[in-house]
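# Secondary and tertiary structure notes
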Amino acid sequence: MLPPPPGDPDPRAARALPTLPRAADSGGHHGTVLITVVDHPLAHQALATLRDVETDRVGFRHAMDDLAGILVYEATRTLRTETYEVTTPMATTTGTRLAEPPMAVPILRAGLGLLPGVLRLLPDVPTGFIGVARNEETLVPEPYMNSVPDDLDGRDVLVLDPMLATGGSLTHACGILRDRNPGRLICVCVLAAPEGVAALDRSGLADELVVGSIDDHLNEVAYIVPGLGDAGDRLYGTA
Ligand code: PRP
Ligand code: URA
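The sections below set out a description of the structure shown in this document. This is a predicted model, so every value here is computed, not measured.

## Examining the site of ligand 2
- Every residue lining ligand 2 is accounted for by Met163, Ala165, Tyr223, Ile224, Gly227, Asp230, Ala231 and Gly232.
- For the shell around ligand 2, the class distribution of residues is five nonpolar, two polar and one charged.

Right, here's the structure in full:
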């Protein structure tokens, strides 16, 4: 659901943003999240399409998919690789491949919009799902699903969520993952608010954040400005 237009009286406007867990109380590791804001003309173009209020659902999904491929390209840059022998028609040479495919974990619902872009580049990745809905009154994330294995056995994870607003949802998901023996937790987002980036960083739960843009601020109902509106609603057409 979109927030009311600026100036409309809103009973939620006065409440403060929730306090999010810090590494010390959530079992996370300490450290500063490594942030990459993807600076590429094709990423800027897809982002502009996503922001445009005139973009319909089909166009929105396509632009999200285009941007997902670019974000994932960046997000996989730091994954461990191994070399192996390749025989060409002419000779043998050395090839490179990922040492182990990461796990993809979309945060339902809107994270599903980024999943096809991941699977296009990494078709064999295992996928886990975390369902979290932000309570729009309290802004507290309310979990409703988790299909991530109990032990990730050191596997790197791409955590997919287009929107990092207060940081409640992504921090909640990273807390679940951090407790399950992951390798690197790499968050992939379309847009972030500075408040959400700070919350994720303070939590100490994520290793990296790859994002299309860090926008100006959150509005009085914790939507990203200028943002793109409600990502889940624009992808799926329902509130
Ligand atoms: C949106 C978005 C993020 C979350 C961001 O999901 O997809 O998960 O809000 O807000 P936060 O950083 O303040 O937690 P929402 O809860 O609306 O659910 P949806 O994906 O089902 O639309
Ligand atoms: N969730 C969204 O979908 N958009 C925002 O701007 C904030 C949270």
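Let us keep going from here.
## Some details on the site of ligand 1
- Taken together, 21 residues form the shell around ligand 1, and within it Ala110, Arg134, Thr166, Ser169 and Gly232 come nearest.
- Mapped by element, the contributors of at least two residues to the shell around ligand 1 are β5 (130-134), β8 (163-164), α5 (168-178) and α7 (231-236).
- Its residues placed into classes, the shell around ligand 1 shows 12 nonpolar, six polar and three charged.

## Thoughts on the nonpolar core
- Residues Leu67, Val105, Leu158, Val159 and Val188 are the most contacted members of the largest nonpolar core, which totals 61 residues.
- For this core, the element with the most residues is helix α3 (residues 57-75), which contributes nine residues.
- Residues in contact with Val188, not counting those within four places in the same chain, are Leu71, Val72, Ala75, Leu114, Leu158, Val159, Leu160 and Val210.

## Regarding α5
- Most of α5 is tucked away, with 10 of its 11 residues classed as buried.
- Of all the residues in α5, the buried ones are Gly168, Ser169, Leu170, Thr171, His172, Ala173, Cys174, Gly175, Leu177 and Arg178.

## Observations regarding the packing of helix α2 (residues 41-51) against α3
- The N-to-C vectors of α2 and α3 enclose an angle of 150 degrees; their axes lie 9 Å apart at closest approach. What the angle tells us is that α2 and α3 run roughly antiparallel. Crossing angle aside, the handedness with which α2 passes α3 is left-handed. Mapping the contact onto sequence places Leu42, Ala43, Ala46, Leu47, Thr49 and Leu50 in α2 and Gly59, Phe60, Ala63, Met64, Asp66, Leu67 and Ile70 in α3.
- Grouping the amino acids of the contact of α2 with α3 by side-chain chemistry returns 10 nonpolar, two polar and one charged.

## Describing the pairing of strand β10 (residues 208-214)
- Most of β10 sits out of view: six of its seven residues are buried.
- Across four bridges, strand β1 (residues 34-37) lies against β10 in parallel orientation. Across the sheet, residue Ile35 finds its bridge partner in β10, namely Leu209.
- Alignment of strand β9 (residues 185-192) against β10, held across six bridges, turns out to be parallel. Among the inter-strand pairings, Cys189 is bridged to a residue of β10, identified as Val211.

## A look at the environment of Val210
- Following the sequence through the fold, Val210 ends up in strand β10.
- Along the backbone, Val210 and Leu34 are 176 residues apart, and their C-alpha atoms lie at a distance of 8.4 Å.

## Focus: the environment of Val33
- Turning to its location among the elements, Val33 is positioned in the loop between α1 (23-26) and β1.
- Here Val33 falls in the buried class, since 20 other C-beta atoms lie within 10 Å of it.
- Considering only alpha carbons, one finds Val33 and Leu205, 172 residues apart in sequence, at a separation of 8.2 Å.
- Not counting residues up to four positions away in its chain, the partners in contact with Val33 are Leu200, Asp201, Ala206, Asp207, Glu208 and Leu209.

## As for the packing of α5 against helix α6 (residues 194-203)
- Put simply, α5 and α6 touch, their axes get as near as 9 Å, and they point 20 degrees apart. Here α5 lies roughly parallel to α6, going by the angle between them. The handedness of the crossing between α5 and α6 comes out as right-handed. Of the residues in α6, those touching α5 at Leu170, Thr171 and Cys174 are Ala199, Leu200 and Ser203.
- Of the residues assigned to the contact of α5 with α6, the class counts are four nonpolar, two polar and no charged.

Conventions adopted
- Residues numbered from 1 in each chain as written.
- Chains lettered and ligands numbered in written order.
- Predicted model: local features only at pLDDT ≥ 70, side-chain atom pairs only at ≥ 80, totals over all residues.
- Near = placed C-beta within 6 Å.
- Nonpolar A, V, L, I, M, F, W, Y, C, P; charged D, E, K, R; others polar.
- Helix = DSSP H or I, 4+ residues; strand = E, 2+ residues; numbered from the N terminus.
- Core = buried A, V, L, I, M, F, W, Y, C linked by C-beta atoms within 7 Å.
- Buried ≥ 20, exposed ≤ 12 C-beta atoms within 10 Å, placed from the backbone.
- Contact = placed C-beta atoms within 7 Å.
- Axes fitted to C-alpha atoms, helices over the stretch in contact; angles between N-to-C directions.
- Parallel < 35°, antiparallel > 145°, perpendicular 65-115°, else oblique.
- Left-handed = near helix turned anticlockwise from the far one by under 90°.
- Pairing = 2+ DSSP bridges.

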